[in-house]
Amino acid sequence: MDTPEVLSTSARTVHTLPEGEPDLAAMRVWIGTLLRDLSEDVRLDVLLVCTELASNAYEHAEGPRAVRVQRHTGFVRVEVDDHTPAELPQLGKSRLGDSRGRGLTLIAKLSRCWGTREFTGGKTIWAEIDSQVV
């Protein structure tokens, strides 16, 4: 994976996630590099949200999978695509048991908003994280 420049406002970039075993560490390095000029608190929130979204895509859906990061004035939008359209996530619920299902709750707390969008053959789960420290 090439090391990208800092992601400027209104710029958007995409990274295809590997099939099989996820390389979440490489994804986090890629995103951290893109957003290295943001405050550490914001960057860590974005990294945690991206990790949760990508982990969910591996655990609950089929590939191919991709992560998109788009920087706006005041927030960063992250999107993760997978190719399992029928299973939209539900906040606080997991098909894997009662001890699971907290990832989206965490995403909801760290994000200003989040949601899902279906496309032919798959879905996108997205979240927007404020990039202005208050």
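The structure under discussion appears in the preceding block.
Within each chain, residue numbers correspond to sequence positions counted from 1 in written order. Under the rules for a predicted model, residues below a pLDDT of 70 receive no local features and side-chain atom pairs below 80 are neither given nor counted, while totals for whole chains, interfaces and linings still include all residues. Side-chain metrics rest on all non-hydrogen atoms present in the structure, leaving aside hydrogens and water.

Undergrad: Could you clarify how one ought to interpret unusual backbone geometry in this entry?
TA: Each neighbour pair has its own omega, and for Gly 63 with Pro 64 the value is 5 degrees, a cis peptide bond. Secondary structure elements follow DSSP: runs of H or I no shorter than four residues count as helices, runs of E no shorter than two count as strands, and numbering proceeds from the N terminus. If you trace the backbone, Pro 64 turns up in the loop between helix H2 (40-60) and strand E2 (65-72).

Undergrad: Would you take a moment to explain the sheet that holds strand E5 (residues 122-130) for this structure?
TA: The strands that make up a sheet pair up through hydrogen bonds in the backbone, lying either parallel or antiparallel. Any two strands between which DSSP finds at least two bridges are classified as paired. One open sheet accounts for 5 strands, arranged E1-E2-E3-E5-E4; its pairing is antiparallel. The open sheet has two edge strands, strand E1 (12-17) and strand E4 (113-119), and neither has a second partner. With direction set aside, neighbouring strand axes in the sheet form an average angle of 20 degrees. Bridging between E2 and strand E3 (residues 75-82) involves 7 bridges; their strand directions are antiparallel. The residue bridging Ala 66 from the neighbouring strand is Asp 81, located in E3. Packing of H2 onto the sheet brings it into contact with E1, E2, E3 and E5, and relative to E3 it is tilted by some 10 degrees. Orientation is described by axes fitted as lines to C-alpha atoms, over the contacting stretch for helices, and by angles from 0 to 180 degrees between their N-to-C directions. For this analysis, residues touch if any pair of their heavy atoms sits within 4.5 Å.

Undergrad: Explain the side chain of Arg 65 here, please?
TA: Tracing the backbone shows Arg 65 in strand E2. Within polar-contact distance, the side chain of Arg 65 engages the backbone oxygen of Ala 61 at 2.8 Å. For the purposes of these results, a polar contact is taken to be a pair of N or O atoms within 3.5 Å, where, inside protein, one atom must be able to donate a hydrogen and its partner to accept one; residues adjacent in sequence count only when each atom of the pair is a side-chain atom.

Undergrad: I tried to follow the pattern of salt bridges on my own but got confused; where do I start?
TA: Think of it this way: side chains of opposite charge can pair up when their charged atoms draw near. Salt bridge, as used here, is a side-chain nitrogen of Lys or Arg placed within 4 Å of a carboxyl oxygen of Asp or Glu. For the structure on display, the rule yields 10 salt bridges. The partner of Asp 82 in a salt bridge is Lys 123, with the nearest N and O atoms 3.0 Å apart. Placement of Asp 82 in strand E3 and of Lys 123 in strand E5 is noted, with a sequence separation of 41 residues between them. The class of Lys 123 is buried, set by a relative accessible area of 4%. A salt bridge links Arg 112 to Glu 128, with the nearest nitrogen and oxygen atoms 3.1 Å apart. Taken together, the residues Arg 112 in the loop between helix H3 (103-110) and E4 and Glu 128 in strand E5 connect sequence positions 16 residues apart. Beyond isolated ion pairs, a larger network of salt bridges with shared partners links Arg 68, Arg 77, Glu 79, Asp 81, Arg 112, Arg 117, Glu 128 and Asp 130. Only protein chains enter the area calculation, which uses a 1.4 Å probe; residues under 20% of their type maximum are buried, those over 50% are exposed, and those in between are partly exposed.

Undergrad: Where do I start with the nonpolar core in this structure?
TA: The nonpolar side chains of soluble globular proteins are, as a tendency, buried together. In these notes, a set of buried Ala, Val, Leu, Ile, Met, Phe, Trp, Tyr and Cys residues joined through side-chain atoms within 4.5 Å is what counts as a nonpolar core. Ranked by size, the top nonpolar core spans 28 residues in total, and within it Ile 31, Val 46, Val 69 and Val 78 carry the most contacts. Elements with a contribution of two residues or more to this core: helix H1 (24-34), H2, E2, E3, H3 and E5.

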